[in-house]
Amino acid sequence: MGNPWRGDVAIVLNGQRRVMRLTLGALAELEAGLREDSLVALVERFEAGRFRARDVLALLVAGLRGGGWAGSAVDLASAEIGGGPMEASRAAAELLARSFALPEDGHGV
C-alpha cells in the first residue's frame, strides 16, 4: 500500500506495482496544468464527481512522478492500469484525499 502518513497510494502499471505520492512541486504543477484557482477547487471537483479523464491522467502522472516514476502523460495514456479506468479514478481520488488528510491510526487522533 505504501506509507499513508506520506500520502502514498499504490497502483499497478503495466503489471508493476508503483507507489504514488503528491509532493509540493507535483501539486503546484498539477494545479497549474488543470487551470484551477486553488487546490481546494481541485479537491471539490473530485468530491463532486465533476472530474474528466484528463484530470485523472494529470493527477496520476503527478503522483507517479512524486513516487519516483520517470514517465510522462503519453506513457501513462498508453499503459495498462490494473483494474482499468475505474481503478485509475479511485486511485486518483484517494491520492488527492490522502494528500490533505491525516490517516486514521485507531487512537482517536
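That block above? That's the structure.
Computed from a prediction, not measured in an experiment: that's the story for all the values here.

Caption draft 1: Representation of the overall build of the protein within the structure. Scanning the protein for helices and strands turns up five helices and two strands. Order of helices (α) and strands (β) in the protein, N terminus to C terminus: β-β-α-α-α-α-α. Taken across its 109 residues, the protein has 36% of its residues classed as buried. Counted over contacts in the protein with a minimum sequence separation of 6, partners at least 24 positions apart contribute 57%.

Caption draft 2: Focus on the packing of helix α2 (residues 39-47) against helix α5 (residues 84-99). Across the interface, α2 lies against α5 with an axial gap of 10 Å and an inter-helix angle of 140°. Here α2 is positioned oblique relative to α5, judged by the angle of their axes. The handedness of the crossing between α2 and α5 is left-handed. Residues L42, V43 and F46 of α2 form the contact with α5, whose own contacting residues are A92, A93 and L96.

Caption draft 3: Quick look at α5. If you check α5, its first and last C-alpha atoms are 23 Å apart, about what 16 residues at 1.5 Å a residue would give, namely 22 Å. Tucked inside the fold, the buried residues of α5 contact β1 (9-13), β2 (16-20), α2 and α3 (53-66).

Caption draft 4: Fine view of the pattern of salt bridges. Following the criterion strictly, the structure yields five salt bridges and no others. For R90, the salt bridge is made with E87, and the minimal N-O distance between the two is 2.6 Å. Note that R90 and E87 are positioned in helix α5 at a spacing of three residues, about one turn of the helix. R98 is the salt-bridge partner of E94, the closest N and O atoms lying 2.7 Å from each other. Linking E94 with R98, this pair stays in helix α5, spanning four residues, or about one helical turn. Among the residues examined, E94 registers a relative accessible area of 22% and is labelled partly exposed. Of the residues examined, R98 reaches a relative accessible area of 18% and is grouped as buried. It is possible to trace a salt-bridge network through shared partners that takes in E87, R90, E94 and R98.

Cut-off values and rules
Residues numbered from 1 in each chain as written. Predicted model: local features only at pLDDT ≥ 70, side-chain atom pairs only at ≥ 80, totals over all residues. Heavy atoms only, no water. Helix = DSSP H or I, 4+ residues; strand = E, 2+ residues; numbered from the N terminus. Buried < 20%, exposed > 50% of the residue type's maximum accessible area, 1.4 Å probe, protein only. Contact = heavy atoms within 4.5 Å. Axes fitted to C-alpha atoms, helices over the stretch in contact; angles between N-to-C directions. Parallel < 35°, antiparallel > 145°, perpendicular 65-115°, else oblique. Left-handed = near helix turned anticlockwise from the far one by under 90°. Expected span 1.5 Å × (residues − 1). Salt bridge = Lys/Arg side-chain N within 4 Å of Asp/Glu carboxyl O.

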